[in-house]
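# Fold and contact review
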Amino acid sequence: ECAAQACRALMNIALGSPASGTAIASAGGVERLVALLPSDASVGAKAADALANVLSSNDPNRVAAREAGAVPLLVAMLRGGGVAASEAADALTMIAGETGGRAAVAAQTDAIRLLVGLLSSVECAAQACRALMNIAHGSPATRTA
């Protein structure tokens, strides 16, 4: 329960504040949030939600999350559907907002297929749509993945 509460606190601190996201990353927060992604669905969802806020409008944090192994963990969360998949899609949207992140998400086995599948989910459709939009933005290579 402490991990879930810490995730909620970091999510709120980072909300709409790139400077707070930078401070969280400087304290090792990106790597710690990524480490929580494979936790139970509730904690993993909260970690993905907090991660999305920490990554918002912050390319260095997006790179840090990618380098910490967030992409395959977030893609694995898409498989479970529900809130965890929705939060994972949000975090993938943020990672795909950076050029290297777009390529990393598009290259991840099943990422595109799983996001397209979530378009039929009431809980996840908007988040999946945003993730697909960010992945497709930029290069023709990611649009054909």
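First things first, this report covers the structure right here in the doc. (Residues numbered from 1 in each chain as written. Predicted model: local features only at pLDDT ≥ 70, side-chain atom pairs only at ≥ 80, totals over all residues. Heavy atoms only, no water.)

The next thing to look at is the side chain of Glu87. Its place among the elements puts Glu87 in helix 7 (residues 82-95). Despite its burial, Glu87 pairs with no opposite charge, the nearest such side chain being Arg130 at 8.2 Å. In contact with Glu87, other than residues within four places in its own chain, are Ala45, Ala48 and Asp49. (Helix = DSSP H or I, 4+ residues; strand = E, 2+ residues; numbered from the N terminus. Buried < 20%, exposed > 50% of the residue type's maximum accessible area, 1.4 Å probe, protein only. Lys, Arg positive; Asp, Glu negative; His and termini not counted. Salt bridge = Lys/Arg side-chain N within 4 Å of Asp/Glu carboxyl O. Contact = heavy atoms within 4.5 Å.)

Each pair of packed helices can be summarised by the angle the axes make with each other and by the distance between the axes. It is at 9 Å that the axes of helix 3 (residues 29-36) and helix 5 (residues 59-67) come closest, and there the two elements cross at 40°. On the basis of the axis angle, helix 3 is oblique to helix 5. Pair helix 3 / helix 5 crosses with right-handed handedness. Two secondary-structure elements touch here, helix 3 through Val30, Glu31 and Val34 and helix 5 through Asn61, Ala64 and Ala65. (Axes fitted to C-alpha atoms, helices over the stretch in contact; angles between N-to-C directions. Parallel < 35°, antiparallel > 145°, perpendicular 65-115°, else oblique. Left-handed = near helix turned anticlockwise from the far one by under 90°.)

Here helix 10 (residues 125-136) contains 12 residues, and its C-alpha end-to-end distance of 16 Å stays within 8% of the 16 Å for a straight helix at 1.5 Å per residue. Restricting attention to buried positions, one finds in helix 10 the residues Gln127, Ala128, Ala131, Leu132, Asn134 and Ile135. The buried residues of helix 10 occupy an angular sector of 160° when the element is viewed end-on, so they sit on one face. (Expected span 1.5 Å × (residues − 1). Arc of directions from axis to C-beta.)

Spatial relationships are all this shows, so hold off on functional conclusions.
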